[in-house]
Amino acid sequence: MEYAKLETAALAHVDDTYYYGAYCRKCKHAARLSLEKLREHLGDGFPLRKVRERLRCEHCRSRQVVITFLAPNQRTGNVANLFDQPPNR
Ligand SMILES: [Zn+2]
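Residues numbered from 1 in each chain as written. Predicted model: local features only at pLDDT ≥ 70, side-chain atom pairs only at ≥ 80, totals over all residues. Heavy atoms only, no water.

Chemist: Please clarify how the coordination of the zinc ion should be interpreted in this entry.
Modeler: Under ideal tetrahedral coordination, the four donors around a metal are separated by 109.5 degrees; under ideal octahedral coordination, the six donors are separated by 90 or 180 degrees. Here the zinc ion is held by C24 (SG), C27 (SG), C57 (SG) and C60 (SG), and the distances to it run 2.3 to 2.4 Å. The coordination sphere of the zinc ion comprises 4 donor atoms, whose angles at the metal cover 103 to 117°; the geometry is tetrahedral. Here the donor residues for the zinc ion map to a single chain with the spacing C-x2-C-x29-C-x2-C. Of the two residues, C27 is situated in the loop between β1 (19–24) and β2 (30–32) and C57 in the loop between α2 (51–54) and β3 (65–70); the sequence distance between them amounts to 30 residues. On the basis of relative accessible area, C57 is assigned to the buried category, the value being 4%. (Donors = N, O, S within 2.8 Å, 3.2 Å for Na, K, Ca; no water. Tetrahedral: all angles 85-135°; square planar, octahedral: opposite > 155°, others 65-115°. Helix = DSSP H or I, 4+ residues; strand = E, 2+ residues; numbered from the N terminus. Buried < 20%, exposed > 50% of the residue type's maximum accessible area, 1.4 Å probe, protein only.)

Here's what the structure looks like:
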């Protein structure tokens, strides 16, 4: 099984079995984003690596957002709990 990679995948290749988290460097707000919802907004062909440029912190509107992208096979160890967060729909 080949998993989608942040650098090469489009939104059509991922769903909410992947973890896509955003962390604001300015106010330290963190949230899990729904890749399925992003796909509805941005379209199937939108490159995953470009999503970050579209994001703003929902609290302070900063663009200093750091992304964590994890494939389902990375649901192990100390990041496993990240997958338990419901996506922000
Ligand atoms: Zn913020």
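Okay, back to it.
Chemist: Would you take a moment to explain the sheet that holds β3 for this structure?
Modeler: Adjacent strands of a sheet form backbone hydrogen bonds with each other and so pair up, either parallel or antiparallel. Read from one edge of the open sheet, 3 strands run β2-β1-β3, paired in antiparallel fashion. Lying at the two open borders of the sheet, with one neighbouring strand each, are β2 and β3. Between one strand and the next, the sheet's axes are offset by a mean angle of 20°, whatever the strand orientation. Pairing of β1 with β2 involves 3 bridges; the strand directions are antiparallel. Within β2, the residue paired with A22 across the bridge is A31. (Pairing = 2+ DSSP bridges. Axes fitted to C-alpha atoms, helices over the stretch in contact; angles between N-to-C directions.)

Chemist: Teacher, can you tell me more about the pattern of salt bridges here?
Modeler: Note on pairing: side chains with opposite charge can pair once their charged atoms come close. Scanning all chains against the criterion turns up 1 salt bridge. Between D44 and R39 there is a salt bridge, and its shortest N-O distance comes to 2.8 Å. The exposure class of D44 is partly exposed, given its relative accessible area of 43%. For R39, a relative accessible area of 30% corresponds to the partly exposed category. (Salt bridge = Lys/Arg side-chain N within 4 Å of Asp/Glu carboxyl O.)

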